[in-house]
Amino acid sequence: MEDSKKRLDTLDGLRAVAALGVLWIHTWAIHGNPRFTLGGIDITSILALGGNGVDLFFVISGFCMYYFYANKTSFNYLDFWIFLKKRWIRLSPAFYFATIIYILFRLKPEPLVSIGLKFLTSVFYINSFSKYNAEGFFWSLGAEWQFYVLIPFIFILQHRIGFLRGFALITSILFVVAIASVLYLKSGSDILTDQILFRYFEFACGIILARVILFNSIHLNKRAFWLFGFILITYTGRILLSGYIQSLSPQYYNIIKLLGFTVMSAGFTGIVYLSITSTKWLRAILGNKAFGFLGKISYSFYLWHGIVHVVIGQLVISNLNIGGILPAFVTFSLSTIILIPVSYLSFLLLEKPFLSRRKLSPQQQHN
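Residues numbered from 1 in each chain as written. Predicted model: local features only at pLDDT ≥ 70, side-chain atom pairs only at ≥ 80, totals over all residues. Heavy atoms only, no water.

Novice: Tell me about the overall build of the chain, residues and numbers included.
Specialist: Along the backbone of the chain there are 16 helices and two strands. Computed over its C-alpha atoms, the radius of gyration of the chain comes to 20 Å, within 12% of the 21 Å expected for a compact globule of 367 residues. Evaluated residue by residue, the chain yields a buried proportion of 53% over its 367 residues. Of the side chains in the chain, 31 bear a positive and 14 a negative charge, and the two mean positions are spaced by 8 Å. (Helix = DSSP H or I, 4+ residues; strand = E, 2+ residues; numbered from the N terminus. Rg over C-alpha atoms; globule rule 2.2 N^0.38 Å. Buried < 20%, exposed > 50% of the residue type's maximum accessible area, 1.4 Å probe, protein only. Lys, Arg positive; Asp, Glu negative; His and termini not counted. Charge placed at Lys NZ, Arg CZ, Asp CG, Glu CD.)

Here is the structure:
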């Protein structure tokens, strides 16, 4: 969801994968989560990782925010407000317009006050905990904005006490508070799992990756082996988030969820690292023009997929009288075809005029 004068092309490819993953999981859900096995392997369980496309977005966002701002020679409280203003201008036009359309699309008899509160929920980016939400998946924009408020403090501490101390201080505080909240609130901590208190660790993985890339501090050989390992780590985190594993601790399951978010994001981080530093086949796949274009418009794609896939899904369910996984694939395919021009138009009108231009350091240009 980030912009720059010079884009990292494989990041756009990963954004495209994340956006398609989110579309797939929501499409699959409206068709009743049908199963599909091949050679005794449940393919739909593998594809279900697409539901964590938002988590991949968070890792990428953490990477971009640190990568493009870390080399500022200073970062004070005035920079803090300038940073927030830029992020607000970047995200808000498309988001506010989408909120209005979703309110109209899902309009039902309800008090005008409720409608107004739905819009104000998006205006102030409190979607992750407000019950007045124009669309369920908008929670992620709320969590994203909470991260934007937090990361300037990492920059400020970096210039005062050093990155390692500042980053460790903030990470430790949030970790202790997250664990304490689960121990005290138990299942009442559910509302916190979509807030920065729990999701910070996904963004933090991206920040660590940015440090690695900026300072060229790690070089991995046998990259196919590492890719397999990172995919395995990602699925391990996904398993920790499953209902079965959560049920093993009826009161403190959110501690397992916190671990799942962190482990899964660590796997995503490794995949992102391999993608960014690839010079061969990963770059050829993720860095191609088609994925790059879709990644470029992925923010609008994400915003509008909630309407498009519902409309197409209803038409497919009404007119395609077959069962199994095929209707879900048809809905997914048609929705993608429709979303691409819709998202591109949204990008041109609601995103491109507000893109900020950053001057990259020589080191960033090299990377």
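Novice: Talk me through the environment of S333; I want residue IDs and the actual numbers.
Specialist: Within the secondary structure, S333 sits in helix α15 (residues 326-351). Residue classification places S333 among the partly exposed positions, given a relative accessible area of 37%. Separated by 188 residues in sequence, S333 and W145 have C-alpha atoms that sit 31 Å apart. A distance of 2.8 Å separates the side chain of S333 from the backbone oxygen of F329, its partner in a polar contact. (Polar contact = N/O pair within 3.5 Å; in protein donor to acceptor, adjacent residues only side chain to side chain.)

Novice: Now, about the pattern of salt bridges: what can you tell me, with residues and values included?
Specialist: For the structure shown, the criterion picks out eight salt bridges. Among the ionic pairs, D55 bridges to R199, the shortest N-O distance being 2.7 Å. Remark: R199 occurs in helix α8 (residues 196-215) and D55 occurs in helix α3 (residues 53-69); sequence separation between them is 144 residues. Comparing D55 with R199 shows no difference in burial state: the two are buried. The partner of R106 in a salt bridge is E135, and the shortest N-O contact between them spans 2.7 Å. With a gap of 29 residues between them, R106 in the loop between α4 (77-105) and α5 (112-123) and E135 in the loop between α5 and α6 (139-161) connect regions that are remote in the sequence. R106 gets classed as partly exposed once you look at its relative accessible area, which sits at 31%. (Salt bridge = Lys/Arg side-chain N within 4 Å of Asp/Glu carboxyl O.)

Novice: Account for the packing of aromatic side chains, with residues named and values stated.
Specialist: Applying the stated rule across the entire model yields 37 aromatic pairs. An angle of 65° between the planes, with centres 6.1 Å apart, marks the rings of W88 and Y96 as edge-to-face. By relative accessible area, which is 40% here, W88 ends up partly exposed. Both rings, one in Y96 and one in Y125, keep their centres 6.2 Å apart while their planes meet at 40°; by these two values the pair is tilted. Remark: Y125 occurs in the loop between α5 and α6 and Y96 occurs in helix α4; sequence separation between them is 29 residues. Taken as a pair, Y96 and Y125 share a single burial class, namely buried. One Lys or Arg, R87, reaches over the ring of Y148 and ends 5.1 Å from the middle of that ring. For R199, the ring lying beneath its charged end belongs to F261, and the centroid distance is 3.9 Å. (Phe/Tyr/Trp six-rings, centres within 6.5 Å; stacked < 30°, edge-to-face > 60°. Lys NZ or Arg CZ within 6 Å of the ring centre and 35° of its normal.)

Novice: Pulling in residues and values, what's your account of the nonpolar core?
Specialist: L11, F63, Y200 and V272 are the most contacted members of the largest nonpolar core, which has 108 residues in total. Setting aside residues up to four positions removed in sequence, V272 forms contacts with L11, L14, L56, V59, I60 and L209. (Core = buried A, V, L, I, M, F, W, Y, C linked by side-chain atoms within 4.5 Å. Contact = heavy atoms within 4.5 Å.)

Novice: Kindly report on the environment of Y69, identifying the contributing residues and their values.
Specialist: As for its placement among the helices and strands, Y69 is situated in helix α3. Each C-alpha atom of the pair Y69 and K222 lies 32 Å from the other, and the pair is 153 residues apart in sequence.

Novice: Just give me the short version of the layout of surface pockets, but keep the residues and values in it.
Specialist: Its boundaries defined by the atoms lining it, the largest pocket holds a volume of some 740 Å³. The wall of the largest pocket is formed by 27 residues, among which V17, L49, L56, Y235 and F268 lie closest to the centre. Those elements giving two or more residues to the lining of the largest pocket turn out to be α1 (9-30), α2 (43-47), α3, α9 (223-240), α11 (253-277) and α12 (281-286). Take the lining of the largest pocket: its biggest share by element is six residues, from α1. A breakdown of the residues in the lining of the largest pocket according to their chemical character gives 21 nonpolar, six polar and no charged. Together, 20 residues line the second largest pocket, and G51, N52, W139, D194 and R199 are the ones closest to its centre. For the lining of the second largest pocket, the secondary-structure elements that each account for two or more residues are α1, α3 and α11. In terms of residues, the lining of the second largest pocket owes the most to one element, α1, which gives three residues. (1 Å grid on protein atoms, 1.4 Å probe; cavity = no way out; pocket = protein on both sides within 12 Å on 5 of 7 lines; lining within 4 Å. Points joined across faces, edges and corners; volume = space filled by probe spheres on them. Nonpolar A, V, L, I, M, F, W, Y, C, P; charged D, E, K, R; others polar.)

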